[in-house]
Amino acid sequence: MADDAQHALAAAAAPVAMRLALAPENMEQDLSRLVLTLVEFLRRLLEAQAVRRMEGGGLDAEEAERLGLGLMRAREAVVSLCGKLGIAPETLNLDLGPLGRLM
């Protein structure tokens, strides 16, 4: 009898395994949000580098125009994909824990 009580007590103290029920459509949207967040992060990084190059005189007017147009098209593509996938563009971000938010 004492053994049964000890087993019951040990079982009650043991951590409970949690099961996740993930629907495939949620995983696809979450994966899409992650990919679009990374694409938007890279686009912003390229944009910042382009601004630095323009301010530093490393780009002529034609190069700056082409680069600006390419970055605008990339932003439009991200927003368009967000619309098709039902993701609000302003939700594209990652929580990096103690480091804060990605963007």
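Notes on the structure follow. Keep in mind it's a predicted model, so treat the numbers as computed, not measured.

### Points about the nonpolar core
Leu36, Val78, Cys82, Ile87 and Leu92 form the largest nonpolar core, which has five residues in total. Each residue touching Ile87, except ones within four places of it in the same chain, is listed here: Gln29, Ser32, Arg33, Leu36, Cys82 and Leu92.

### Side note on helix H3 (residues 61-85)
Spanning 25 residues, H3 covers 36 Å between terminal C-alpha atoms, matching the ideal 36 Å at 1.5 Å per step. Tucked into the core, H3 has its buried residues touching helix H2 (24-55). Near the N-terminus of H3, the side chain that reaches the backbone nitrogen of Glu62, with its oxygen 3.1 Å away, is that of Asp60. Just downstream of H3, Gly86 is the residue with a positive phi angle, here 70 degrees.

### Details of the environment of Arg33
With respect to the helices, strands and loops of the structure, Arg33 is situated in helix H2. Residue classification places Arg33 among the partly exposed residues on the basis of a relative accessible area of 25%. Between the C-alpha atom of Arg33 and that of Thr91, which follows or precedes it by 58 residues, the distance is 8.3 Å. Beyond its immediate sequence surroundings of up to four residues, Arg33 is in contact with Ile87, Thr91 and Leu92.

### Considering the pattern of salt bridges
On inspection of all chains with the given rule, the structure shows six salt bridges. For the salt bridge of Arg43 with Glu47, the shortest nitrogen-to-oxygen distance reads 3.0 Å. One end of the pair is Arg43 and the other is Glu47, both in helix H2 and four residues apart, which spans about a single turn. For Glu47, a relative accessible area of 35% puts it in the partly exposed group. Connected via shared salt-bridge partners are Glu40, Arg43, Arg44, Glu47 and Arg75.

Rules used throughout
Residues numbered from 1 in each chain as written. Predicted model: local features only at pLDDT ≥ 70, side-chain atom pairs only at ≥ 80, totals over all residues. Heavy atoms only, no water. Core = buried A, V, L, I, M, F, W, Y, C linked by side-chain atoms within 4.5 Å. Buried < 20%, exposed > 50% of the residue type's maximum accessible area, 1.4 Å probe, protein only. Contact = heavy atoms within 4.5 Å. Helix = DSSP H or I, 4+ residues; strand = E, 2+ residues; numbered from the N terminus. Expected span 1.5 Å × (residues − 1). Polar contact = N/O pair within 3.5 Å; in protein donor to acceptor, adjacent residues only side chain to side chain. Salt bridge = Lys/Arg side-chain N within 4 Å of Asp/Glu carboxyl O.

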